Amino acid sequence: MSEQETLGLAEEFAQYRRTVLDKVEVPGPAAVRRTVRGRNRRRWGATATTALALLGGSAIGYAAMSGPDHRPGPVEPTPSASVSPTPTPTPTPSPSVTSGGPASAVPDGRISRAQLLGASVTLPAWRAGRGCPTSAVRLSGDDREGVNWLVALDHGDVDGDGAVETVALVQCVLGTGGPMQVVAFDRNEEGKVVTLGRVVATTIDKPQWLFALDVVDDGTVRVQVGDIAPGGGWAAKWSQLQWRGYRWKGEAFAQVSGPTSFGPNPNLADVAVTASDLVLTTADDGSRTGTATVRVRNRGTAPVAHVALRLGVPAAVRPDVDGWAPCSGARESSEPVTCNLGRLAAGAEVQLDLSFRVAEGITLGTGKADVDARPMDGEFDFLPDVNDDDNVVRMTYR
């Protein structure tokens, strides 16, 4: 490019610069303020949007967890949003708060089995005697010796505070038995498991066993109690069962429904037996015959469904015709001879004049035979007798 062309180009650039700058407005103080206010409005809008998102997220999270099966858990901290300084707004009067404002939320006392097994709890005192600890107790999920076994639990609002509590059936395991009690648990404001109170407990007399529990809608705790504890030969099916209802009265539970006592247990039997000697004499056909008188008495306070009678005479001594009509299921070809009697009322006695025969040509000396009478239930299962010393006698045969 020639020198003349270079000078011409420079002159054109200079003229363009003068033309453009004459049309550009230099920003003064007013323009700066307008720009800053616009930026602040944009930043305030972004900040408000972020705050609403944070508050809305927490509210929705708590609402989702506020049902009967959930307690609000800890909220994860959210990083704070960066907010530019803004002019302090003019304060407005705050709404007045009256003493009748909403109360704080009642702690949720719904405690799962796993949570209760994992908590350290305090139990109401067990009855006097060898027992299990009550302070700082960890309940057990099984029935090992010497533990407080969590047998069953249910939930319901038992104290009327609008929140759910937990009711548990607990046993102090001692051998095949041990005392039992139903205990209500709750949570305090810190979420710790606390003991509300004892609903009902077993006693030395009755009830001796607690079989089940159920919390109904009105807060009544229903407990199925039994008069006699199973074990030691006593089956659970022989216990008399009752449903009794209990309500919280502000300081303790009290019974509000169901029976308050038990009648005589029909399976608590007391059967006694006596027998005369069996004296055999020679009959016309050469055989030897004789009769033994056996008396069976029900000394209990309730009827007995069946009585099993066994006579341990030798195999050569067989039942004859007379006297065996009241017996069912008599076995004649084996030892001992058996006779199953039917229902025997309380205080009643049955007398059996049982005849026996020994075939001709069989030599039989003098001996002793056990006569044994045992009570049975309606399913022909043997019942334990409260006084088994009089269930067996010895009969002499000769």
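## Some details on the side chain of Ser 287
Thought 1: One can find Ser 287 in the loop between β10 (281-282) and β11 (288-298).
Thought 2: One polar contact links Ser 287 to Asp 285, side chain to side chain, over a distance of 2.6 Å.
Thought 3: With residues near it in sequence (within four places) discarded, Ser 287 still touches Thr 281, Thr 282, Arg 357, Val 358, Ala 359 and Glu 360.

## Remarks on the environment of Trp 248
Thought 1: With respect to the helices and strands, the residue Trp 248 is situated in strand β7 (residues 241-248).
Thought 2: Of the residues examined, Trp 248 reaches a relative accessible area of 18% and is grouped as buried.
Thought 3: Every residue in contact with Trp 248, bar those within four places of it in the chain, is listed here: Val 158, Asp 159, Leu 196 and Phe 253.

## Concerning the nonpolar core
Thought 1: Within the largest apolar cluster, 34 residues are counted, with the highest numbers of intra-cluster contacts made by Val 296, Leu 309 and Phe 356.
Thought 2: The element that contributes the greatest number of residues to this core is strand β16 (residues 349-358), accounting for four residues.
Thought 3: Aside from chain neighbours lying at most four places away, what touches Val 296 is Val 271, Ala 272, Val 273, Val 307, Leu 309, Leu 341, Leu 344, Ala 348, Glu 349, Val 350 and Ala 373.
Thought 4: Counting 19 residues, the second-largest nonpolar core is a separate cluster that includes Val 182, Ala 184, Val 215 and Phe 262.

Reading the values: rules and limits
- Residues numbered from 1 in each chain as written.
- Predicted model: local features only at pLDDT ≥ 70, side-chain atom pairs only at ≥ 80, totals over all residues.
- Heavy atoms only, no water.
- Helix = DSSP H or I, 4+ residues; strand = E, 2+ residues; numbered from the N terminus.
- Polar contact = N/O pair within 3.5 Å; in protein donor to acceptor, adjacent residues only side chain to side chain.
- Contact = heavy atoms within 4.5 Å.
- Buried < 20%, exposed > 50% of the residue type's maximum accessible area, 1.4 Å probe, protein only.
- Core = buried A, V, L, I, M, F, W, Y, C linked by side-chain atoms within 4.5 Å.

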